[in-house]
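Residue-level structure breakdown
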Amino acid sequence: MSGAGRRAYQSARVSRMAGRRVLIFWFLLVFFRAPISGAIAAELPVPFPALEAETLLGRSVQLPGEFHHSVIWIVVGFTKDSQKATSICSEKLEQRFSGRGYSAAILQGAPFFIKGLIKNGIRASVPDARRDRYLILNEGRTALEKIAGVDEESNDDAFVLGLRAQSPSGYEVVFVSHGDCGAAHFPSIEKKIVTLLDQKR
């Protein structure tokens, strides 16, 4: 290949790579910042919906059949910018109520190759011991948004769902709290979970 041909090939390759980066950036910007149209929160308690999920270890699970404790918590992030808050909430809840909770990221609607990138990024930030309780959801966004009462102002918050068992395989969402799990937010979540645990004793 002549020098001019090599330069043209390299230029075309660079253009294709730049195009892929732009596509990924565009998708992340649009999909993960898509405004939510003022969801009206469901009246609690409400049954937790039947969903299929995958853990960060690649295990396929059925929800809520996967849950085993009488009281559990789930930290859900609805946008890319909620990752920091969801990580903080999950760490604090795991320290306080070890082994009783799950984290969840909703990737519904994301192209296959984007999902792989996102899952790899999440996996790198989650400790090995918690990867089997980190759920990747490819469905259920609308149902969970309604339960949580997500709107544009709370879009980037971490949403903590408190669940209690109602039957051998059924759970209901008893409370929802959203924020960043800071000093003004976390104590109220902690109190609600303790109350649920006391009721189940």
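Cut-offs and rules
- Residues numbered from 1 in each chain as written.
- Predicted model: local features only at pLDDT ≥ 70, side-chain atom pairs only at ≥ 80, totals over all residues.
- Heavy atoms only, no water.
- Buried < 20%, exposed > 50% of the residue type's maximum accessible area, 1.4 Å probe, protein only.
- Helix = DSSP H or I, 4+ residues; strand = E, 2+ residues; numbered from the N terminus.
- Arc of directions from axis to C-beta.
- Patch = residues over 30% accessible without salt bridge, like charges linked within 9 Å, V, L, I, M, F, W, Y side chains within 5 Å.
- Areas by Shrake-Rupley, 256 points an atom, 1.4 Å probe, with all protein chains shown as cover.
- Salt bridge = Lys/Arg side-chain N within 4 Å of Asp/Glu carboxyl O.
- Pairing = 2+ DSSP bridges.
- Contact = heavy atoms within 4.5 Å.
- Axes fitted to C-alpha atoms, helices over the stretch in contact; angles between N-to-C directions.
- Expected span 1.5 Å × (residues − 1).

1. With respect to helix α4 (residues 141-148)
When α4 is considered as a whole, its buried residues turn out to be Arg141, Leu144, Glu145, Ile147 and Ala148. On an axial view of α4, the arc spanned by its buried residues comes to 165°, and they lie on one face. Exposed side of α4, more than 90 degrees from the buried face: Thr142 and Lys146 are the residues found there. Phi turns positive one or two residues past the end of α4, at Gly149, with a value near 70°.

2. Concerning a nonpolar patch on the surface
A cluster of nonpolar side chains, contributed by Phe112, Phe113 and Leu117, occupies part of the molecular surface with about 380 Å² of accessible area. Counting through the fold element by element, Phe112 comes out in helix α3 (residues 112-125). For Phe112, a relative accessible area of 78% translates into the label exposed.

3. Concerning the pattern of salt bridges
If you walk through the whole model with that rule in mind, you get 8 salt bridges. A salt bridge links Glu94 to Arg133, with the nearest nitrogen and oxygen atoms 3.0 Å apart. With Glu94 in helix α2 (residues 83-96) and Arg133 in the loop between α3 and β6 (134-137), this residue pair connects regions lying 39 residues apart in the sequence. The exposure class of Glu94 is buried, given its relative accessible area of 13%. The residue Arg164 makes a salt bridge to Glu172 at a minimum N-O spacing of 2.6 Å. Taken together, the shared-partner salt bridges in this structure form one network comprising Arg59, Glu66 and Asp132.

4. Overview of the sheet that holds strand β7 (residues 158-165)
Sheets are built from strands paired through backbone hydrogen bonds, the pairs being either parallel or antiparallel. Reading across the sheet, the 8 strands line up as β1-β8-β7-β4-β5-β6-β2-β3 and stay open at both edges, with mixed pairing between neighbours. Among the strands making up the open sheet, the edge pair consists of β1 (46-47) and β3 (60-63). Bridge analysis of β7 against strand β8 (residues 171-179) gives 8 bridges, and the strand direction is antiparallel. Within the sheet, the bridge partner assigned to Ala165 lies in β8 and is Tyr171. Where α2 meets the sheet, it contacts β4 (71-77), β5 (101-106), β7 and β8, and its direction lies at approximately 165° from that of β4.

5. Looking at α2
Structurally, the α-helix is built with 3.6 residues per turn, so residues lying three or four positions apart point the same way. The terminal C-alpha atoms of α2, which comprises 14 residues, lie 20 Å apart, in line with the 20 Å expected from a rise of 1.5 Å per residue. Here α2 has its buried residues at Ala85, Thr86, Cys89, Ser90, Leu93 and Glu94. Here the buried residues of α2 occupy an arc of 155° about the axis, which is enough to place them on one side. The exposed set on the far side of α2, more than 90 degrees from its buried face, consists of Lys84 and Gln95. Contacts made by the buried residues of α2 are with β4, β5, β7, β8 and α5 (186-200).

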